[in-house]
Amino acid sequence: MDSEELAGRLEADGWLLVDDAADADVAVVNTCGFVEAAKKDSVDALLEANDLKGHGRTQAVVAVGCMAERYGKELQDALPEADAVLGFDDYANITDRLQTILSGGHHAAHLPRDRRKLLPLTPVERQAAAADVALPGHGAPEDLPDGVAPASGPRTLRRRLDDSPVASVKLASGCDRRCSFCAIPAFRGSFISRRPSDVLHESQWLAEQNVREVVLVSENNTSYGKDLGDIRLLETLLSEIAAVEGIERVRVSYLQPAEMRPGLIDVMTGTPGVVPYFDLSFQHSAPAVLRRMRRFGNTDQFLDLLKTIRDKAPQAGARSNFIVGFPGETEEDFAELERFVTHAGLDAIGVFGYSDEDGTEAATFDGKLPEDVVSDRLARLSKLAEELTAQRAEQRIGDEVEVLVESVEDGLVEGRSAHQAPETDGLTTLTGAPDAVVGQFYRARVTGSEGVDLVAEAIEICRQAAAE
Ligand code: SF4
C-alpha cells in the first residue's frame, strides 16, 4: 500500500513505472523494519536490485519504507550498495531525490528520530498539527491526473501495482501503546487517524478499479477515531464502506483485545458486507508475561472475548500472533499459553520466537532465556498451532462459504472465504466452477481441508466480477 502511494507520486511527477527492475533507471525498494526476518528480506531485495547495476538500464538502487526510516544513516553506512536511503520526510520530494541520485549527486541519509515527538501528546490536538508531518498513506489534497487518484474529494496519491480484487486501505498511522518488545511507535510515530471521508473516497476509487474487498490496515484499528473525538468512528465507517457500490467485503485487520468493545463486535458480526473476521493480537495469555509486555488480559478473558464473538457469529474467523520465549517466561507461563491456544479455536496463528529489537524496553530486561529454550518453545507452539488450525479448518467441512475468486490458472480456481485474510491466512480452492472469473463471488460448500486451506464445491455465483 505504501508502495502504491509512492508509485502514485512518481507517476504524477511524470515517471514511467515498469514491472521489471531491470528495465528501470532507478529501482526503489520498499523495505520493512518490523522483525529480523523482514529486515533480512529487505536487505536481500536491495542486494538483488544492486546486482542489476552495470548490466542493463538500472543505474541506481534506493531504499524507502520502514527499515529505511528506522535506521537511516546507519543503514546507509552498513549497506553502501544502496545509492540512497530515504525516510518518510523525503517522500514529498521523492522526484528531486531520485533525480539527484541519477545525476550522480548524493543525498545524505537522515538521522532517525523518535517520530512520536512530531505530534502533540493529546490525541485531539494531532489533526491540526498533522499537515506538517510526513504520514505515508494519509494522502494529500493535491491536483492529480485521473487514474492516479480518486475522482473527487481529498485526493489520495495511489497507483495500483496489480489487478487483484483485494486492496488494503490505510486507516491510521502510528501507535500510542507501549508494548515493551515493539519498536514500531518510535519510527511510525503517535497514533493518528485518517479522516473518514479520505478513507471512503479511496475505497470508492478502488471500487472503480474493480476492487471487491477492502482491508483496513493500521498498527491498531481499534483506536481509530480517538484523535477525531469519536472512539466509535470505526463502527460508523465500516457500514459506510460496506455501502460503497462495488465493494462487497470490508475486512479489518489488527485489533487490540484490550480495546475491543461490544458495539464494534456487533457491527463486525451484524453488518452485511463487513466480514466477521477478528485479527486479535493476543501475543501471550499468561498474565505475568503480558504485564512484562505492557499488555493486558489473561487466558480466560481472551476465551470469553472469543466466545462473545462466536455467540454472535459462529462462523467468524479469528487469527492471532504470539511471542514465545519472552524474558522471564517460565514453563508454567508457556503451558498457560498452550492452554489458551488449545481452547481458542483460531483459524490462523503466527508464532514468533522472542529476539531483542533495537531500542525497545524488553531488550533491557533481565531474565532472557537461552536461545535453545526459545527455539524449543517456538517449535513446540508452532507444531501445536499447525495441528489446531488444521483441526479448525476440518471443522468447517460441510459449512457454506462465500468465496471471492482471486486467481484462475490452468483450471485451478483459488480464492478466499470470509474467514481467510489475504497473505496471512489460508486459501479456498473452488471445484465445479470451470468458468470462474477473478473478482466473482461464489456460494460454495466446504468439502475438504488441507492444513488451513479449504476445498469447496461451487453452488452458484452470488455476485459477478466488477468488470462483467
Ligand atoms: S499495539 Fe502493536 S504496534 Fe503498538 S506497540 Fe503494541 S505491538 Fe507495537
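Reference entry: report on the structure contained in this document.

So, how was this worked out
- Residues numbered from 1 in each chain as written.
- Predicted model: local features only at pLDDT ≥ 70, side-chain atom pairs only at ≥ 80, totals over all residues.
- Heavy atoms only, no water.
- Helix = DSSP H or I, 4+ residues; strand = E, 2+ residues; numbered from the N terminus.
- Rg over C-alpha atoms; globule rule 2.2 N^0.38 Å.
- Buried < 20%, exposed > 50% of the residue type's maximum accessible area, 1.4 Å probe, protein only.
- Expected span 1.5 Å × (residues − 1).
- Arc of directions from axis to C-beta.
- 1 Å grid on protein atoms, 1.4 Å probe; cavity = no way out; pocket = protein on both sides within 12 Å on 5 of 7 lines; lining within 4 Å.
- Points joined across faces, edges and corners; volume = space filled by probe spheres on them.
- Nonpolar A, V, L, I, M, F, W, Y, C, P; charged D, E, K, R; others polar.
- Near = heavy atom within 4 Å.
- Disulfide = S-S within 2.5 Å.

Along the backbone of the protein chain there are 14 helices and 16 strands. Rg of the C-alpha trace for the protein chain: 23 Å, near the compact-globule value of 23 Å for 468 residues, within the 12% margin. The C-alpha extent of the protein chain, read off along each of the three principal axes, is 60 × 60 × 50 Å. Residue burial in the protein chain is summarised as follows: out of 468 residues, 51% are buried.

Another point: helix H2 (residues 36–51). For H2, with 16 residues, the first-to-last C-alpha span of 23 Å sits near the 22 Å given by 1.5 Å per residue. Looking only at H2, the buried set comprises Ala38, Lys39, Ser42, Leu46, Ala49 and Asn50. Projected down its long axis, H2 shows its buried positions confined to an angular sector of 120°, all on one face. Exposed side chains of H2 directed beyond 90 degrees from the buried face belong to Ala37, Lys40, Asp41, Glu48 and Asp51.

The rolling of a water-molecule-sized probe over the atoms marks out the regions of remaining empty space. Empty space within the second largest pocket amounts to approximately 820 Å³. Around the second largest pocket sit 30 residues that line it, and Leu17, Val18, Ala24, Val26 and Val28 are the ones nearest its centre. Among the elements of the structure, helix H1 (2–12), strand E1 (26–31) and H2 are those that each provide at least two residues to the lining of the second largest pocket. Grouping the constituent residues of the lining of the second largest pocket by class yields 19 nonpolar, 2 polar and 9 charged.

This part covers the site of the ligand. Residues in close proximity to the ligand include Cys175, Arg177, Cys179, Phe181, Cys182, Pro185, Glu219, Tyr254, Gln256 and Arg295, which together make up its full environment. Residues of the shell around the ligand, tallied by class, amount to 6 nonpolar, 1 polar and 3 charged.

The subject of this paragraph is the state of the cysteines. Tallied over the entire structure, the rule returns 0 disulfides. For Cys66, which is in no disulfide, the shortest distance to another cysteine sulfur is to Cys32 and amounts to 6.1 Å. Classification of Cys66 by relative accessible area gives buried; the value is 13%.

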